[in-house]
Amino acid sequence: MKNVVIFQDFIDEKTYGYQWREEELYNYLRAQIDNSIDFGWKSEDVVVVTNLDFKYRDVSILNTKMLCTYNKYFNKVFGIYELLKDNLLDDDFWFHDFDDWQLSEFDDFPHFSGDIGMCKYLFENSVPQWNTGSMFIKKSALSIFEYIYETMEYNKDESGINTLGDENLFNLCVYKHFQSRMSEIDYTFNVGCTGFDDRYSRASKPICVGAFKPNDIKDISNFSNIISERLIKIFKKYDLWI
């Protein structure tokens, strides 16, 4: 199993309401790498997909060719699609956002039917959404991401396409065409701040993956009793702690 983070960017503007500084982003990536290696991941199995000039601790850096320039949020799908299409990884992989943190040890790729294992959120909606912040992706998922990528490309000139999040198109495509190839896995692999109580109550303990920004006091209030002192030291090392 590979451990994959994707961050590709092309414009200097706010991302989900926040203006990232390059060094701050690099510190997030360094903290992710330190945390992963502490949990026993081999450097070569930790993969950062980015168009930025980043290197750290001999992890695998992939500068991919595909870059979405009309919606930076779509680069998650573009990156995963290229990894699968060009066979850039030799194993199935855990993809997670750069602010989704491993909190407890898990050694193996979870067992599930279908091609993608992930969790849902927004349970108050009539149809809860799949959350793309933490996904276990088999190499057999290529046709799913190919379809989502092609849908994004087909609609790239539509008004307002640059305001959509990746989950909008992901859920539209998956619910319409690929629901049988999705598996809802243990929520221990994706507990985030949005709908925290619902997601936490569904999860086996200890929590394996938590989605939060360590320098956001509102986020940390949900995870204060879950984050280890070891991980807090990593956050403090990079000036990311509240």
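Scope of this entry: the structure provided in the associated data block.

**Considerations on the overall build of the chain**
And step 1. On a plain count of helices and strands, the chain comes out with seven helices and 10 strands.
And step 2. In terms of overall dimensions, the chain is globule-like: its C-alpha atoms have a radius of gyration of 17 Å, near the 18 Å expected for 242 residues.
And step 3. In terms of overall dimensions, the chain has C-alpha extents of about 45 × 40 × 35 Å along its principal axes.
And step 4. A total of 242 residues make up the chain; the buried ones form 55% of that total.
And step 5. Contacts spanning at least 24 positions in sequence make up 70% of the contacts within the chain whose residues lie at least 6 apart.
And step 6. Surface summary for the chain: the accessible area is close to 11400 Å², and the carbon and sulfur share equals 46%.
And step 7. Charge centroids of the chain, computed over 26 positive and 40 negative side chains, lie 1 Å from each other.

**Comments concerning empty space enclosed by the protein**
And step 1. As enumerated under the stated definition, the model contains one cavity of 30 Å³ or more in all.
And step 2. By volume, the largest cavity is sized at about 40 Å³.
And step 3. Lining the largest cavity are Asn3, Val5, Leu29, Gln32, Ile33, Ser36, Val46, Val48 and His96.
And step 4. Elements that contribute at least two residues to the lining of the largest cavity include exactly strand S1 (2–7), helix H1 (22–38) and strand S2 (46–50).
And step 5. Counting residues per element, the lining of the largest cavity draws most heavily on H1, at four residues.
And step 6. Class assignment for the residues of the lining of the largest cavity results in five nonpolar, four polar and no charged.

**A closer look at the sheet that holds strand S10 (residues 209–211)**
And step 1. One open sheet accounts for three strands, arranged S5-S10-S9; its pairing is mixed. In this open sheet, the two strands that pair with only one neighbour each are strand S5 (100–102) and strand S9 (191–192).

Basis of the calculations
- Residues numbered from 1 in each chain as written.
- Predicted model: local features only at pLDDT ≥ 70, side-chain atom pairs only at ≥ 80, totals over all residues.
- Heavy atoms only, no water.
- Helix = DSSP H or I, 4+ residues; strand = E, 2+ residues; numbered from the N terminus.
- Rg over C-alpha atoms; globule rule 2.2 N^0.38 Å.
- Buried < 20%, exposed > 50% of the residue type's maximum accessible area, 1.4 Å probe, protein only.
- Contact = heavy atoms within 4.5 Å.
- Areas by Shrake-Rupley, 256 points an atom, 1.4 Å probe, with all protein chains shown as cover.
- Lys, Arg positive; Asp, Glu negative; His and termini not counted.
- Charge placed at Lys NZ, Arg CZ, Asp CG, Glu CD.
- 1 Å grid on protein atoms, 1.4 Å probe; cavity = no way out; pocket = protein on both sides within 12 Å on 5 of 7 lines; lining within 4 Å.
- Points joined across faces, edges and corners; volume = space filled by probe spheres on them.
- Nonpolar A, V, L, I, M, F, W, Y, C, P; charged D, E, K, R; others polar.
- Pairing = 2+ DSSP bridges.

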